[in-house]
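# Notes for the structure review
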Amino acid sequence: MKKYILILTVLVLTGTLAQNALAQNVSPKNAAEITFSFTRQSGSASNQFAVWIEDSSGQYVKTLYATRWTANGGWQRRSTAVPLWVKQFNLSEKPNEMLDVVSGATPRTGTLKYTWDGTNSRGAAVPAGDYVLILEGTIRWENLVYYRAPIRLGQGAANANVSVEYVSGDRDSDAERSMIGDVKVMVLR
């Protein structure tokens, strides 16, 4: 009887070890993260931003975060509230349940971090390849900032080059340019 228990134990352990080894040989899940400093601005028509992923052809993949005010209808009252994300996300067609998943209260001043787990908006893993991580911010009224970082999933950890573009309306935006800064994007694995 002891012999059978010993054999059974060895078989279970061998199966568990084999299963773990197979799991380790499966390609690791891709991930990327963005970190940046956020300084809340006083006054109205500011502090709105969204972070999302597009594929290399500019097609929407997934939203990592959007400020709740914009997601919950603020974009209808103020068309300059992160307008590119509103368009890419197709916000007017999304159910409220989906908006609750991607949005949150405007954060406090500090360093923020959002991580993409390598999945699309339906939770399915995306293939290895080229993507773009985008951070759009409404600095004040029609003054916007866009940070873009091309990333390549499936080739290991790497820092991404981040470009920035400021779009100014009729107002001077220099005072508010500190709302978002020190943007860094890294592919984690």
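Residues numbered from 1 in each chain as written. Predicted model: local features only at pLDDT ≥ 70, side-chain atom pairs only at ≥ 80, totals over all residues. Heavy atoms only, no water.

### With respect to the overall build of the protein
Short version of the rule: Secondary structure counts use DSSP, requiring at least four H or I residues in a row for a helix and at least two E residues in a row for a strand, with both numbered from the N terminus. Should any heavy atoms of two residues lie within 4.5 Å, those residues are considered in contact. Under the convention used here, a 1.4 Å probe and the Shrake-Rupley method define accessible areas, while residue burial counts only the protein chains that appear.
In terms of helices and strands, the protein carries four helices and 10 strands. Counting contacts in the protein only where the partners sit at least 6 residues apart, residues at least 24 apart contribute 68% of the total. As presented, the protein carries roughly 10,800 Å² of accessible surface, and 52% of it is formed by carbon and sulfur atoms.

### What to know about the environment of V102
This is how it is decided: Relative accessibility decides the category of a residue: with a 1.4 Å probe and only protein chains considered, values under 20% of the type maximum give buried, values over 50% give exposed, and everything between is partly exposed.
As for its placement among the helices and strands, V102 is situated in helix α4 (residues 96-102). Its relative accessible area of 9% is what places V102 among the buried residues. For V102 and A66, which are 36 residues apart along the polypeptide, the C-alpha to C-alpha distance reads 6.1 Å. With residues near it in sequence (within four places) discarded, V102 still touches T63, L64, Y65, A66, W85 and F89.

### Examining the packing of aromatic side chains
This is how it is decided: Ring pairs shown here join Phe, Tyr and Trp side chains whose ring centres sit within 6.5 Å, with only the six-membered ring taken for Trp; geometry is labelled stacked below 30 degrees between planes, edge-to-face above 60, and tilted in between.
Counted by the stated rule, this structure contains nine aromatic pairs. For the ring pair W85 and F89, a centre distance of 4.8 Å and an interplane angle of 15 degrees mean the geometry is stacked. One end of the pair, W85, and the other, F89, are both in helix α3 (residues 83-89), four residues apart, so they sit about a helical turn from each other. Both residues of the pair, W85 and F89, count as buried.

### Quick notes on the pairing of strand β6 (residues 129-140)
Filter applied, for reference: One requirement defines pairing of two strands: DSSP has to find at least two bridges between them.
Within β6, 11 of the 12 residues are buried, leaving the element largely enclosed by the surrounding structure. Looking at chain direction, β6 and strand β7 (residues 143-153) are connected through 11 bridges and run antiparallel. Directly across from Y131, in β7, lies its bridge partner I151. Connecting the antiparallel pair β6 and β7 is a turn made up of two residues, with W141 showing a positive phi of about 50 degrees.

### Observations concerning the nonpolar core
Operational definition: What is meant by a nonpolar core is a set of buried Ala, Val, Leu, Ile, Met, Phe, Trp, Tyr and Cys residues, joined one to another through side-chain atoms within 4.5 Å.
Core analysis: the largest hydrophobic core is formed by 29 residues, its most contacted members being F36, F49, W116 and I180. Considering each element in turn, this core owes the most residues, five residues, to β7.

### Observations regarding the environment of Q48
The following threshold applies: Counted as a polar contact is a pair of N or O atoms within 3.5 Å, where, for protein atoms, one must be capable of donating a hydrogen and the other of accepting one, and residues adjacent in sequence contribute only when both atoms are in side chains.
Residue position: Q48 is located in strand β2 (residues 48-55). The residues contacting Q48, other than those within four sequence positions of it, are T67, W69, T70, R78, V82, T106, E136, G137, T138 and M179. A polar contact is formed between the side chain of Q48 and the side chain of T67, at a distance of 2.5 Å.

Don't take any of this as a statement about function, it's just geometry.
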